[in-house]
2 protein chains.
Amino acid sequence: MGRIIVEVMPKPEILDPQGKAIVGVLPHQGIMQFGDVRQGKRFELTVDGDVTDEALEAAKKAAETVLSNPIIEDVVGVYAEEQ
Amino acid sequence: MGRIIVEVMPKPEILDPQGKAIVGVLPHQGIMQFGDVRQGKRFELTVDGDVTDEALEAAKKAAETVLSNPIIEDVVGVYAEEQ
(Lines give C-alpha, C1' and ligand atoms only; values in the text may rest on other atoms or scores of the structure.)
Protein backbone atom coordinates (compact mmCIF):
# COMPACT_ATOMS: atom_id res chain seq x y z
CA MET A 1 0.00 0.00 0.00
CA GLY A 2 1.45 3.34 -1.02
CA ARG A 3 0.59 6.89 -0.23
CA ILE A 4 0.89 10.16 -2.11
CA ILE A 5 1.03 13.52 -0.33
CA VAL A 6 -0.53 16.61 -1.93
CA GLU A 7 0.21 20.05 -0.46
CA VAL A 8 -1.93 23.09 -1.26
CA MET A 9 -1.35 26.65 -0.04
CA PRO A 10 -3.22 29.92 -0.58
CA LYS A 11 -1.48 32.03 -3.26
CA PRO A 12 0.87 34.62 -1.74
CA GLU A 13 -1.32 37.53 -2.87
CA ILE A 14 -4.46 36.02 -1.30
CA LEU A 15 -5.41 37.16 2.22
CA ASP A 16 -5.30 34.24 4.67
CA PRO A 17 -7.51 35.19 7.63
CA GLN A 18 -6.87 31.91 9.48
CA GLY A 19 -3.13 32.47 9.30
CA LYS A 20 -3.56 36.06 10.49
CA ALA A 21 -5.66 34.88 13.44
CA ILE A 22 -2.94 32.42 14.43
CA VAL A 23 -0.27 35.15 14.25
CA GLY A 24 -2.40 37.13 16.68
CA VAL A 25 -2.85 34.24 19.11
CA LEU A 26 0.72 32.90 19.30
CA PRO A 27 2.12 35.73 21.50
CA HIS A 28 -0.55 34.95 24.12
CA GLN A 29 1.06 31.49 24.34
CA GLY A 30 4.50 33.06 24.78
CA ILE A 31 5.52 32.29 21.19
CA MET A 32 7.12 35.40 19.67
CA GLN A 33 9.28 33.97 16.88
CA PHE A 34 6.88 34.05 13.94
CA GLY A 35 6.07 37.16 11.96
CA ASP A 36 3.77 35.47 9.50
CA VAL A 37 1.69 32.29 9.35
CA ARG A 38 -0.09 30.84 6.32
CA GLN A 39 -2.53 27.94 6.57
CA GLY A 40 -3.00 25.50 3.73
CA LYS A 41 -4.09 21.92 3.22
CA ARG A 42 -2.32 18.57 3.23
CA PHE A 43 -3.87 15.47 1.65
CA GLU A 44 -2.90 11.82 1.96
CA LEU A 45 -4.05 9.73 -1.03
CA THR A 46 -3.83 5.96 -0.53
CA VAL A 47 -3.19 3.66 -3.50
CA ASP A 48 -3.65 -0.13 -3.38
CA GLY A 49 -0.21 -1.11 -4.64
CA ASP A 50 3.04 0.78 -4.95
CA VAL A 51 3.11 4.41 -6.03
CA THR A 52 3.55 4.28 -9.81
CA ASP A 53 4.20 7.13 -12.24
CA GLU A 54 0.60 6.72 -13.37
CA ALA A 55 -0.67 7.14 -9.78
CA LEU A 56 1.50 10.26 -9.40
CA GLU A 57 0.03 11.68 -12.62
CA ALA A 58 -3.48 10.94 -11.33
CA ALA A 59 -2.61 12.66 -8.03
CA LYS A 60 -1.37 15.75 -9.92
CA LYS A 61 -4.64 15.84 -11.88
CA ALA A 62 -6.63 15.45 -8.64
CA ALA A 63 -4.54 18.19 -7.03
CA GLU A 64 -5.27 20.67 -9.83
CA THR A 65 -8.96 19.87 -10.19
CA VAL A 66 -10.53 18.55 -6.97
CA LEU A 67 -8.05 19.32 -4.18
CA SER A 68 -7.31 22.95 -4.98
CA ASN A 69 -8.91 26.01 -6.49
CA PRO A 70 -6.34 27.26 -9.05
CA ILE A 71 -7.71 30.82 -8.82
CA ILE A 72 -6.71 31.27 -5.19
CA GLU A 73 -4.44 28.31 -4.33
CA ASP A 74 -1.14 26.82 -5.44
CA VAL A 75 -0.30 23.12 -5.43
CA VAL A 76 3.13 23.27 -3.75
CA GLY A 77 3.88 19.55 -3.52
CA VAL A 78 2.84 16.17 -4.97
CA TYR A 79 5.13 13.29 -3.95
CA ALA A 80 5.18 9.71 -2.77
CA GLU A 81 5.41 9.36 0.99
CA GLU A 82 8.58 7.62 2.11
CA GLN A 83 7.94 4.20 3.61
CA MET B 1 14.25 34.82 6.28
CA GLY B 2 13.48 31.22 7.17
CA ARG B 3 10.36 29.17 7.18
CA ILE B 4 9.13 26.24 9.25
CA ILE B 5 6.51 23.81 7.97
CA VAL B 6 4.02 22.23 10.37
CA GLU B 7 1.86 19.32 9.19
CA VAL B 8 -1.28 18.24 11.05
CA MET B 9 -3.55 15.31 10.16
CA PRO B 10 -6.73 13.90 11.73
CA LYS B 11 -5.92 10.85 13.88
CA PRO B 12 -6.45 7.56 11.99
CA GLU B 13 -9.42 6.59 14.15
CA ILE B 14 -11.19 9.94 13.58
CA LEU B 15 -13.76 10.12 10.77
CA ASP B 16 -12.69 12.57 8.07
CA PRO B 17 -15.82 13.62 6.18
CA GLN B 18 -13.92 15.96 3.83
CA GLY B 19 -11.62 13.14 2.80
CA LYS B 20 -14.59 10.82 2.29
CA ALA B 21 -16.31 13.43 0.11
CA ILE B 22 -13.20 13.73 -2.05
CA VAL B 23 -13.00 9.93 -2.46
CA GLY B 24 -16.56 10.06 -3.74
CA VAL B 25 -15.87 12.86 -6.22
CA LEU B 26 -12.60 11.66 -7.79
CA PRO B 27 -14.18 8.90 -9.96
CA HIS B 28 -16.42 11.52 -11.58
CA GLN B 29 -13.19 13.17 -12.76
CA GLY B 30 -11.93 9.85 -14.15
CA ILE B 31 -9.53 9.34 -11.25
CA MET B 32 -9.88 5.76 -9.99
CA GLN B 33 -6.51 5.13 -8.31
CA PHE B 34 -7.23 6.21 -4.75
CA GLY B 35 -9.11 4.09 -2.22
CA ASP B 36 -8.78 6.52 0.65
CA VAL B 37 -8.17 10.25 1.09
CA ARG B 38 -7.46 12.09 4.34
CA GLN B 39 -7.41 15.88 4.57
CA GLY B 40 -5.23 17.68 7.06
CA LYS B 41 -3.56 21.06 7.45
CA ARG B 42 -0.22 22.52 6.42
CA PHE B 43 1.19 25.66 8.03
CA GLU B 44 4.07 27.89 6.95
CA LEU B 45 5.61 29.83 9.86
CA THR B 46 7.97 32.63 8.85
CA VAL B 47 10.89 33.61 11.09
CA ASP B 48 12.92 36.79 10.66
CA GLY B 49 16.37 35.22 10.51
CA ASP B 50 17.55 31.69 9.97
CA VAL B 51 15.66 28.73 11.41
CA THR B 52 17.34 28.10 14.77
CA ASP B 53 16.82 25.19 17.17
CA GLU B 54 14.97 27.64 19.40
CA ALA B 55 12.59 28.57 16.54
CA LEU B 56 11.98 24.87 15.84
CA GLU B 57 11.18 24.29 19.52
CA ALA B 58 8.76 27.24 19.42
CA ALA B 59 7.15 25.80 16.28
CA LYS B 60 6.70 22.42 18.00
CA LYS B 61 5.05 24.16 20.95
CA ALA B 62 2.78 26.12 18.56
CA ALA B 63 1.97 22.90 16.68
CA GLU B 64 0.85 21.12 19.86
CA THR B 65 -1.10 24.02 21.36
CA VAL B 66 -2.46 26.42 18.74
CA LEU B 67 -2.17 24.63 15.39
CA SER B 68 -3.68 21.28 16.33
CA ASN B 69 -6.20 19.74 18.68
CA PRO B 70 -4.33 16.85 20.34
CA ILE B 71 -7.59 15.02 21.06
CA ILE B 72 -8.43 14.49 17.39
CA GLU B 73 -5.29 15.44 15.44
CA ASP B 74 -1.65 14.34 15.15
CA VAL B 75 1.26 16.65 14.38
CA VAL B 76 2.98 14.59 11.67
CA GLY B 77 5.77 17.00 10.74
CA VAL B 78 7.69 20.06 12.00
CA TYR B 79 10.75 20.93 9.91
CA ALA B 80 12.66 23.79 8.36
CA GLU B 81 11.76 24.39 4.72
CA GLU B 82 14.70 23.83 2.38
CA GLN B 83 15.84 27.05 0.76
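Residues numbered from 1 in each chain as written. Chains lettered and ligands numbered in written order. Predicted model: local features only at pLDDT ≥ 70, side-chain atom pairs only at ≥ 80, totals over all residues. Heavy atoms only, no water.

Novice: Whenever I open this one, the side chain of A:Arg38 confuses me. Can you help?
Specialist: Residue and element names in this part refer to chain A. Within the secondary structure, Arg38 is located in strand β2 (residues 34-47). Buried within the structure, Arg38 lacks any salt-bridge partner; Asp16 is the closest side chain of opposite charge, at an N-O distance of 4.5 Å. A distance of 2.7 Å separates a polar atom in the side chain of Arg38 from the backbone oxygen of Lys11. (Helix = DSSP H or I, 4+ residues; strand = E, 2+ residues; numbered from the N terminus. Buried < 20%, exposed > 50% of the residue type's maximum accessible area, 1.4 Å probe, protein only. Lys, Arg positive; Asp, Glu negative; His and termini not counted. Salt bridge = Lys/Arg side-chain N within 4 Å of Asp/Glu carboxyl O. Polar contact = N/O pair within 3.5 Å; in protein donor to acceptor, adjacent residues only side chain to side chain.)

Novice: Where do I start with the pattern of salt bridges in this structure?
Specialist: As a working rule, side chains carrying opposite charge can pair if their charged atoms are close by. In total, this model carries 16 salt bridges over all chains according to the counting rule given. Linking A:Asp36 and A:Lys20 is a salt bridge whose minimum nitrogen-to-oxygen distance equals 3.6 Å. Residue A:Asp36 is found in strand β2, and its partner A:Lys20 is found in helix α1 (residues 17-25); the two are separated by 16 residues along the sequence. Residue classification places A:Lys20 among the partly exposed positions, given a relative accessible area of 46%. Across the pair A:Arg42 and A:Glu44 runs a salt bridge whose closest N-O atoms are separated by 2.9 Å. Here the two residues A:Arg42 and A:Glu44 agree in accessibility, since each one is buried. Each member of the salt-bridge network shares a partner with another, and the members are A:Arg3, A:Arg42, A:Glu44, A:Glu81 and B:Glu7.

Novice: Where do I start with the relation of the copies chain B and chain A in this structure?
Specialist: Turning one copy of the chain about an axis and sliding it along that axis gives the other copy, so a rotation and a shift relate them. You can overlay chain B on chain A at an RMSD of 0.0 Å; the transform is a turn of 180° with a shift of 0.0 Å along its axis. Here the two chains are linked by the operation of a two-fold rotation axis. For chain B, the smallest separation between a C-alpha atom and the rotation axis is recorded for B:Lys41, amounting to 2.2 Å. Mapped onto chain A, 100% of the interface residues of chain B again fall at the interface, so both copies present the same surface. (Least-squares fit on C-alpha atoms with pLDDT ≥ 70 in both. Contact = heavy atoms within 4.5 Å.)

Novice: Just to check I follow, could you spell out the nonpolar core for this structure?
Specialist: It is characteristic of soluble globular proteins that their nonpolar side chains tend to be buried jointly. Membership of the largest hydrophobic core comes to 18 residues, with the highest contact counts inside it found for A:Leu26, A:Phe34, B:Ile4, B:Val6, B:Phe43, B:Leu45 and B:Leu67. Where this core is concerned, the elements lending two or more residues are β2 of chain A together with β1 (2-10), β2 (34-47) and α2 (53-65) of chain B. It is α2(B) that contributes the most residues to this core, six residues altogether. (Core = buried A, V, L, I, M, F, W, Y, C linked by side-chain atoms within 4.5 Å.)

Novice: What am I meant to see in the interface of chain B and chain A here?
Specialist: Many authors give the size of an interface as the accessible area that is lost as the parts come together. Each side of the interface is counted separately: chain B has 35 residues, and chain A has 35 residues. Across the chain B to chain A interface the summed buried area is about 2,900 Å²; carbon plus sulfur atoms make up 63%. Our count for the chain B to chain A interface comes out at two salt bridges. Here A:Arg42 ties to B:Glu7 by a salt bridge, and the two come within 3.6 Å at their closest N and O atoms. Remark: the boundary between chain B and chain A carries twelve residue pairs in polar contact (both at pLDDT 80 or more). Listed by contribution, the elements that provide at least two residues to the side of chain B that touches chain A are β1, α1 (17-25), β2, α2 and β3 (73-80) of chain B. Of all the elements, β2(B) adds the most residues to the side of chain B that touches chain A, at 14 residues. Considered class by class, the residues forming the side of chain B that touches chain A number 19 nonpolar, seven polar and nine charged. Examined bridge by bridge, β2(A) and β2(B) share 13 bridges and lie antiparallel to one another. Counted as the bridge partner of A:Phe43 is B:Gln39 from β2(B). (Buried area = accessible area lost by both parts, 1.4 Å probe. Nonpolar A, V, L, I, M, F, W, Y, C, P; charged D, E, K, R; others polar. Pairing = 2+ DSSP bridges.)

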